[in-house]
Amino acid sequence: MNPYRATIGVSALILLLSSSIAACSATDVPATPQLFSPGVISGSASEDSLSFTPDGNTVFFDRAKWPNSIIMVSHKMNGNWSKPEIASFSGQWLDHDPVVSPDGSFIVFASNRPATPQDKLVSTGGVLWRVDRKGKGWGTPWRLPNTVNVSPRSYAPSIAADGSLYFIRPGADNIMHIFRSQYRDGKYLPAVQVAVGDPATHQKDPAIAPDQSFIVFDSDDAAKQDPDRLFIAFRQGDHWGKAIDLGDAVNARNNPWGPHLDPTGRMLYYTSDRSVPLAYPRTREQAEKDLSRLEDWDNGENNIWYVSLASIIATHRT
């Protein structure tokens, strides 16, 4: 869980449909969300910010009980995910929000680790760091430059195919906004605010498509009395279209946040404390199954869920 979530308030957010879509019917809503790897990755602790390597066979995520957070890694073996282990570059500091670049050559994450041994910890939860692939492993993390790390409250990175970095930090209004630092000639250019969503409200946790044709993010919607809801916005020429709510199947009373895209760009993974309602009355056999689920993952903690975006993307293109 990111530290800013404990401090921000709920703001009104009224978002209209994209001008290219006259209405968002029931068929536009993505399929019912499914829990990712119950009892192995989604389990008794709180998990979030899951990101895949390009082959889809390795995932990085953070396991947190704030103010403690560690980046974990799991590998797919014979169709099953291995028991997560601490990533080679994590464990010593408060690390969270890992995201793998589309080509798999580096990872960006947030950390409170000091920039040098002589510096102090970043007490607010972190700035952005990068660790590059080194052979079959990972090198030494290095702090991204001040063109990115303007604020000691920089979180939730997402990486485009050209290396450009999207992330969040407070704007001049002290509200969380999405920023973009273009990557050019091996350098991160000064970050600029992304004009998506209602600028008077918080926009958080961007998941940018590799080609930057659409972006998924979470924001507040006081009208629906949900502290966080996920939205998608499509690129329209030189600007972003108005955001589309991903629907109550994803959002209603589920506290969704931390979206990430899989390597295909069509499956959305996100964090939620959603639960599965128990059925009453129930048989003894059903009670045993319910108990097993409660012990495995359904205990009110954050878990990783996934849902297809194929329908809404196809609708937009049509």
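A quick note: this is a predicted structure, and the numbers were derived from the prediction, not measured.

## Structural notes on the overall build of the protein chain
Across its full length, the protein chain carries three helices and 25 strands. In the protein chain, which comprises 318 residues, the share counted as buried stands at 53%. Considering only contacts in the protein chain between residues 6 or more positions apart, those separated by 24 or more positions represent 53%. Counting only carbon and sulfur atoms, one obtains 53% of the accessible surface of the protein chain, whose full area is about 14,500 Å².

## Describing the nonpolar core
Among the nonpolar cores identified, the biggest contains 29 residues, and L165 and I215 are the most heavily contacted of them. For this core, the secondary structure elements donating two or more residues are β8 (106-111), β12 (155-159), β13 (165-170), β14 (176-181), β19 (214-221) and β20 (226-236). Once residues within four sequence positions are removed from consideration, L165 is found in contact with V108, L128, L144, V148, P157, S158, I159, F179, R180, S181 and Y188.

## Section: the pattern of salt bridges
Per the stated rule, a full pass over the model turns up eight salt bridges. A salt bridge links K204 to D218; the shortest N-O distance between them is 3.6 Å. Residue K204 is located in strand β18 (residues 203-208), and its partner D218 is located in strand β19; the two are separated by 14 residues in the primary sequence. Of the two residues, K204 and D218, neither departs from the other in class, the shared state being buried. A salt bridge links R229 to D245, with the nearest nitrogen and oxygen atoms 2.7 Å apart. Here R229, found in strand β20, pairs with D245, found in strand β22 (residues 244-245); they are 16 residues apart in sequence, far enough to count as distant. Since its relative accessible area comes to 18%, D245 is described here as buried.

## Section: the sheet that holds β13
Backbone hydrogen bonds are what pair the strands of a sheet, in a parallel or an antiparallel way. Read across the sheet, four strands follow the order β12-β13-β14-β17 without closing on themselves; strand pairing throughout is antiparallel. The open sheet terminates on both sides in strands that have one partner only, identified here as β12 and β17 (192-193). Pairing between β13 and β14: six bridges, direction antiparallel. Along β14, the bridge assignment pairs R169 with H177.

## Regarding helix α3 (residues 310-317)
Within the span of α3, buried status applies to I312, I313 and H316. Taken down its axis, α3 places every buried residue within 100 degrees of arc, on the same side.

## Observations concerning the sheet that holds strand β24 (residues 267-272)
Read from one edge to the other, the open sheet built from four strands follows the order β1-β25-β24-β23, with strand pairing classed as antiparallel. The sheet is open, and its two edges are formed by β1 (34-35) and β23 (257-261), each paired on a single side. By the bridge criterion, three bridges tie β23 to β24 in an arrangement that is antiparallel. Across the sheet, the residue bridging to W257 is T271, located in β24.

## Some points on unusual backbone geometry
With phi around 60 degrees, D97 is a residue other than glycine that occupies positive phi space. Inspection of the secondary structure assignment puts D97 in strand β7 (residues 95-100). Despite not being glycine, A156 has its phi angle at roughly 50 degrees, a positive value. Mapping A156 onto the fold places it in strand β12.

## Describing the confidence of the model for the protein chain
When the pLDDT values of the protein chain are averaged, the result is 84; 86% of them are 70 or greater. Taken as a whole, residues 4-30 scores under 50 in pLDDT and shows 69 contacts with residues more than four places along the chain or in a different chain.

## Topic: the packing of aromatic side chains
By the definition in use, this model includes 15 aromatic pairs. The interplanar angle of 90 degrees and the centroid separation of 5.5 Å between the aromatic rings of F36 and Y269 together place this pair among those described as edge-to-face. Of the two residues, F36 is situated in the loop between β1 and β2 (46-52) and Y269 in strand β24; the sequence distance between them amounts to 233 residues. In this structure, F36 and Y269 share a single accessibility class: buried. An aromatic cluster is defined as three or more aromatic residues linked by ring pairs; in this entry it consists of F36, F52, W81, Y269 and Y306. Taking NZ or CZ as reference, R113 lies 5.6 Å from the ring centre of W129, over its face. Above the plane of the ring of W305 lies R274, whose end atom (NZ or CZ) is 4.8 Å from the centre.

Conventions adopted
Residues numbered from 1 in each chain as written. Predicted model: local features only at pLDDT ≥ 70, side-chain atom pairs only at ≥ 80, totals over all residues. Heavy atoms only, no water. Helix = DSSP H or I, 4+ residues; strand = E, 2+ residues; numbered from the N terminus. Buried < 20%, exposed > 50% of the residue type's maximum accessible area, 1.4 Å probe, protein only. Contact = heavy atoms within 4.5 Å. Areas by Shrake-Rupley, 256 points an atom, 1.4 Å probe, with all protein chains shown as cover. Core = buried A, V, L, I, M, F, W, Y, C linked by side-chain atoms within 4.5 Å. Salt bridge = Lys/Arg side-chain N within 4 Å of Asp/Glu carboxyl O. Pairing = 2+ DSSP bridges. Arc of directions from axis to C-beta. pLDDT = per-residue confidence, 0-100. Phe/Tyr/Trp six-rings, centres within 6.5 Å; stacked < 30°, edge-to-face > 60°. Lys NZ or Arg CZ within 6 Å of the ring centre and 35° of its normal.

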